[in-house]
Amino acid sequence: MAEQQQFQLLLGNLMSPDNIVRKQSEEAYENIPGQTKVTFLLQTIRDAAAAEEVKQMAAVLLRRLFSSAFDEIYPILSTDLQNVIRSELLLGIQMEGSPNIRKKICDVAAELARNLIDDDGNNQWPDILKFLFDSVNSQNVGLREAALHIFWNFPGIFGNQQQHYLEVIKRMLAQCMQDQENPQIRTLAARAAASFVLSHENNNLLHKHFAELLPGILQAVNDSCYQNDDSVLKSLVEIADTAPKYLRPHLEATLQLSLKLCGDTILTNMQRQLALEVIVTLSETASPMLRKHTNILAQSIPQMLAMMVDLEDDDEWAIADELEDDDFDSNAVAGESALDRVACGLGGKIVLPMIKEHIMQMLQNPDWKYRHAGLMALSAIGEGCHRQMEAILNEIVNFVLLFCQDPHPRVRYAACNAIGQMATDFAPFFQKKFHEKVIPALLQTLEDQTCPRVQAHAAAALINFTEDCPKSLLIPYLDNLVKHLHVIMVAKLQELIQKGTKLVLEQVVTSIASVADTAEENFVPYYDLFMPSLKHVVENAVQKELRLLRGKTIECISLIGLAVGKDKFMHDASDVMQLLLKTQTDFNDLEDDDPQISYMISAWARMCKILGKEFQQYLPVVMGPLMKTASIKPEVALLDTQDMEGISEDDGWEFVNLGDQQSFGIKTAGLEEKATACQMLVCYAKELKERFVEYTEQVVKLMVPLLKFYFHDGVRVAAAESMPLLLECARVRGPEYLTQMWHFMCDALIKAIGTEPDSDVLSEIMHSFAKCIELMGDGCLNTEHFEELGGILKAKLEEHFKNQELRQVKRQDEDYDEEVEESLQDEDDNDVYILTKVSDILHSVFSSYKEKVLPWFEQLLQLIVNLICPHRPWPDRQWGLCIFDDVIEHCSPASFKYAEYFLRPMLQSLCDSSPEVRQAAAYGIGVMAQNGGENYRPFCTEAIPLMVGVIQAADSKDKANINATENCISAVGKVMKFRPECVNVNEVLPHWLSWLPLKEDKEEAVHTFSFLCDLIESNNPVVLGPENANIPKIFVIIADGFINESFKYEDGCCKRLANVVRQVQVSGGLWTQCISQLNEAQQKAIQDLLSNS
């Protein structure tokens, strides 16, 4: 008994406000054996004399114990003790007088029940099911509540008996939702019904079966909201998110209710925003279904706009020097976010006509709040209404620019916001079309000395504008831009010294950086205007409140250095490096959330790009902090619903609902910095190559595990990108070191291809893996690697076909419309991109292993053959042919073994309606001639007239067709060169000559010029013509090839072409004849070729 009292004292101390007492108590509690904990906790829960908060704590801890350590504790308890626990919990629920503690005991019982369902779905605690049925029919309201609470907490409690009890469950919930005397029973029953639906989110049959409960849930949503309880409303939001089709039979009623609650100002802001969230979430998860209810949508848009008008007057706003974070609980922010999401979810075709007139009216309202809201609404819908707004952008921009001169500063601010957002959403179209109007308007607003907040936002809009502005458009404004920015910078530096204000200066410094970044070498004349002041800021802005300014100035200096280039920057480079080194040395004193850290990390990488190999000397200083940041481990937690109640996303936590009343939480602080640091390591490896070799081992040990860092896509991308670069760096240490490093990364890369959930990241991992194989070559994969890789590629191809089938099913859905088709096309593009990466990997394997790999390839053969079937979409046929092209190119003559599968489709594809397919087929014929061997001879002959037909088609030189045409021209050349017996060379040669030069496909252009050189050097009479009559024509071909960069100085054919020209040069009359037929550009090309080759 004394022990029990001591234990209860310990529980009381766990809640102590004194940190030391609490910490000691936590340690003491952790050291108690599990079985003893269970016994003491259960006794405390059942101790009528114990204090309520102690009993509550005991129930919470027992639930956590069952949640986190059930398998370690419960199975080793004696059968008697297990029976006692189960019966005591049920008894406790029945006997407990306090509703709060009863609820907590229900949570323990639900958690125990969850763990007592075995792998076959058998509930090993049948008494709890009997207890549920008895309680839900009891006259005791407390017991009815308990039964519903347990079912809400664990809707899977019936296990494999659920189907048997389905009618009973439905009847039980319906009956409780009709309880007119007890509103809390109606609320709990609605939550339990929602929980049950959510636990079967993909079971359409069950949803239909339970559809008749939805009116009761909606009624409970309404009633509970007016009793200041938003729990059922939150359940409705969850249904909209994960099981939206459950709402279909009563969608109109759901939307009407949400709209009514959203518009009722008696309710709290949070409740109104949650009601709006139902509509917004449905616009994202069930947009085709929602698009059929345009009447309700048309009513919901004004509600969002009305929320955006809910702003307060604030006299201090215009001169505030610190930017406070958006108040995410405010109606204005919620309304703006809702508009953005609805526009993206439903598309501009629906949303723009609904909102346009409202916005125009708001912009003419004498109250500033309406004008502000109208402009912010324009900013919000740009992304979702992109295509429709683009058509009327001229009208919108002209209107918005008027508000840059509005009498109210917050309206001017909103105008800058709209311009900045449009500059991003509609880039580079916006910059090309409106530069003449926008740049002067922003510069004028930037001079608004009365309102620093507006000045700063005009500078921010200018950053958005210049970031995506084509260089040629910006150059004419450069002088004026720089002059304005310099004047403001000087003025704001004075203000910083006199008043300590910095907001505008922070933005102007970034504007200067952005202008320099776009202008590049054109910024050189202005370099000396800015650099001394910027260096001065970095040197002197050392106070804590100036950390962001200092970080942005470091960024600005490094971007200017990168823009103007090494020669101009070099005389300041040493000073700048010393300033950076000083900051770096103080790095250990910087707090983890210091904004300078990420700016420093990026600045070092830019300095590396500027200095190139000379940067190596700074690595010892830079790498420590960089590795520390790249090694940040985020704080994570697995929480159940009860634990979640005390934590909000505002504390820097983000949560993912895992179902089963569990959520995964991650503290996001430091994640962006970690991703930046990883990206910078990639930059060092890329720029420094062998000079980075000292660090390859520690970097590869950091990066390989990060391929599984699922908290941030950017980290995984950087990890993947680093692999081939690190191998290149390591080459200098010799083959043994290189092989060791490859072995360290190879398994992880292959596994990552199999497990990566995000298609964008997956494509990067596959691309990097292919590059690694090309680098390492023959022998880099062992039998196990091949086996695993084969299985994964097979799965990717099977998934590709399965996804296509699923998309066809979606096209038959009752909600299918053209917006759905757009998103299906996007999915298709994603799938095809992964297919291209499968092709990349196979290319690298074939080019490294040659015909040895063919037996392994056979497991994929039938799937690749499926790709080139005539009924498949053209991208499938294109990439299927590309894979067979590689088989022919790298595995011949053995490739002929598979000719029955691909030869006919390849020849037929030469005349395909898709140019991409024609190109792949033509390339295949070319490598067939070059590498295929004797067996392919008749097929080369058969292909010639087909390819000539493609080349001579009227539209063969159109932009869409040119690559396919040039591959045909190259392939005809390869057949003549490598298989002359397959074609009448003398007949085809004059035609082939008339098709030159190739201008688009540089790789094939080099092949054709090499063959042309062969023919000229061998004095081929057909090519040279009678008495060298064709030489002037050949000169035109060479000159045009040079102008189009069809070959480079380092290409072997370049020197040979120059020699051809020189031979003619010494022949007097012929030279004059050739040159006289060239235009000015062609003559210059010939001169450049001679002088540089």
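Rules behind the numbers
- Residues numbered from 1 in each chain as written.
- Predicted model: local features only at pLDDT ≥ 70, side-chain atom pairs only at ≥ 80, totals over all residues.
- Heavy atoms only, no water.
- Helix = DSSP H or I, 4+ residues; strand = E, 2+ residues; numbered from the N terminus.
- Buried < 20%, exposed > 50% of the residue type's maximum accessible area, 1.4 Å probe, protein only.
- Contact = heavy atoms within 4.5 Å.
- Areas by Shrake-Rupley, 256 points an atom, 1.4 Å probe, with all protein chains shown as cover.
- Lys, Arg positive; Asp, Glu negative; His and termini not counted.
- Charge placed at Lys NZ, Arg CZ, Asp CG, Glu CD.
- Patch = residues over 30% accessible without salt bridge, like charges linked within 9 Å, V, L, I, M, F, W, Y side chains within 5 Å.
- Salt bridge = Lys/Arg side-chain N within 4 Å of Asp/Glu carboxyl O.
- Core = buried A, V, L, I, M, F, W, Y, C linked by side-chain atoms within 4.5 Å.
- Expected span 1.5 Å × (residues − 1).
- Phe/Tyr/Trp six-rings, centres within 6.5 Å; stacked < 30°, edge-to-face > 60°.
- Lys NZ or Arg CZ within 6 Å of the ring centre and 35° of its normal.
- Axes fitted to C-alpha atoms, helices over the stretch in contact; angles between N-to-C directions.
- Parallel < 35°, antiparallel > 145°, perpendicular 65-115°, else oblique.
- Left-handed = near helix turned anticlockwise from the far one by under 90°.
- Disulfide = S-S within 2.5 Å.

**Student:** Would you explain the overall build of the chain in this entry?
**Tutor:** Looking only at helices and strands, one finds 54 helices and three strands in the chain. Each of the 1093 residues in the chain was classed as buried or not, and the buried ones make up 56%. Within the chain, counting contacts between residues at least 6 apart in sequence, those at least 24 apart form 72% of the total. Entry remark: accessible area of the chain is about 47800 Å², with carbon and sulfur atoms responsible for 50%. Across the chain, the centroid of the 96 positively charged side chains sits 3 Å from that of the 157 negatively charged ones.

**Student:** Mind showing me how you'd approach a negative patch on the surface here?
**Tutor:** On the surface, Asp310, Glu312, Asp314, Asp315 and Glu316 cluster together into a patch of negative charge. Relative to the helices and strands, Glu312 resides in the loop between helix 17 (294-308) and helix 18 (331-346).

**Student:** Please clarify how the nonpolar core should be interpreted in this entry.
**Tutor:** As a rule of thumb, nonpolar side chains are buried together in soluble globular proteins. By size, the foremost hydrophobic cluster in this structure holds 396 residues, and its most contacted members are Phe615, Tyr684 and Phe692. With residues near it in sequence (within four places) discarded, Phe692 still touches Leu619, Met623, Leu681, Tyr684, Ala685, Val699, Leu726 and Cys729. One finds Trp317, Ala318, Cys451 and Val454 within the second-largest nonpolar core, a separate group that totals five residues.

**Student:** For this particular structure, what's the right way to read helix 17?
**Tutor:** Every α-helix winds through 3.6 residues per turn, so residues three or four apart in the chain are directed the same way. With 15 residues, helix 17 should cover 21 Å at 1.5 Å per step; its first-to-last C-alpha distance of 21 Å lies within 8% of that length. Looking at the buried side of helix 17, the elements it contacts are helix 14 (251-263), helix 15 (269-285), helix 16 (287-290), helix 18, helix 19 (348-363) and helix 20 (368-381).

**Student:** Sorry, what's going on with the packing of aromatic side chains here?
**Tutor:** The description of an aromatic ring pair uses the distance of the two centres, along with the angle that the planes make with each other. All told, the structure shown has 36 aromatic pairs when counted by the stated rule. Relative to Phe615, the ring of Trp604 lies with its centre 6.0 Å away and its plane at 65 degrees, an arrangement referred to as edge-to-face. Highlighted residues: Trp604 in helix 32 (residues 596-611) and Phe615 in the loop between helix 32 and helix 33 (619-630), separated in sequence by 11 residues. Just as Trp604 is buried, Phe615 falls in that class too. What links up through ring pairs into an aromatic cluster is the set Phe133, Phe151, Phe158, Tyr165, Phe196 and Phe210. In this structure, Lys37 packs its charged tip against the face of Tyr29, placed 4.5 Å from the ring centre. The aromatic ring of Phe709 is capped on one face by Lys674, whose charged end is 4.9 Å from the ring centroid.

**Student:** Help me out: how do you make sense of a positive patch on the surface in this one?
**Tutor:** The grouping of Lys609, Lys686, Lys689 and Lys771 at the surface amounts to a positive patch. Of note, Lys609 is situated in helix 32. Judged by its relative accessible area of 44%, Lys609 is partly exposed.

**Student:** What am I meant to see in the packing of helix 27 (residues 478-499) against helix 29 (residues 527-540) here?
**Tutor:** To characterise two packed helices, one gives the angle between the axes of the helices and the distance between these axes. Contact geometry for helix 27 and helix 29: axes closest at 11 Å, N-to-C directions at 30 degrees. In this view, helix 27 runs roughly parallel relative to helix 29, as classed from their interaxial angle. At the point where helix 27 passes helix 29, the crossing takes the left-handed sense. Facing helix 27, whose interface residues are Val482, Leu485, His486, Met489 and Leu493, helix 29 presents Leu529, Phe530, Ser533, Leu534 and Val537.

**Student:** Sorry if this is basic, but what is going on with the environment of Ser87 here?
**Tutor:** Turning to its location among the elements, Ser87 is positioned in helix 5 (residues 79-95). What makes Ser87 partly exposed here is its relative accessible area of 41%. Along the backbone, Ser87 and His293 are 206 residues apart, and their C-alpha atoms lie at a distance of 52 Å.

**Student:** Could you clarify how one ought to interpret the state of the cysteines in this entry?
**Tutor:** Note on terminology: a disulfide is the covalent bond linking the sulfur atoms of two cysteines. Summed over all chains, the structure comprises zero disulfides. Cys262 supplies the cysteine sulfur nearest to Cys225, a cysteine that is in no disulfide, at a spacing of 11 Å. Judged by relative accessible area, which is 2%, Cys225 ranks as buried. Between Cys1054, a free cysteine, and Cys1053, which holds the nearest cysteine sulfur, the sulfur-to-sulfur gap is 6.6 Å. The exposure class of Cys1054 is buried, given its relative accessible area of 1%.

**Student:** Please clarify how unusual backbone geometry should be interpreted in this entry.
**Tutor:** Only a minority of non-glycine residues have a phi that is not negative, and only a minority of peptide bonds are not trans. Between Ser892 and Pro893 the backbone carries a cis peptide bond, its omega angle lying at 5 degrees. Examined against the element boundaries, Pro893 turns out to sit in the loop between helix 43 (874-891) and helix 44 (899-909). That bond from Leu996 to Pro997 is cis: its omega, 0 degrees, falls within 30 degrees of zero. Inspection of the secondary structure puts Pro997 in the loop between helix 48 (985-994) and helix 49 (1002-1017). Phi is positive for Asn1019, which is not a glycine, with a value near 55 degrees. Summarising the element assignment, Asn1019 is placed in the loop between helix 49 and helix 50 (1021-1024). One non-glycine residue, Asn1028, lies in positive phi territory at about 55 degrees. Mapping Asn1028 onto the fold places it in the loop between helix 50 and helix 51 (1031-1043).

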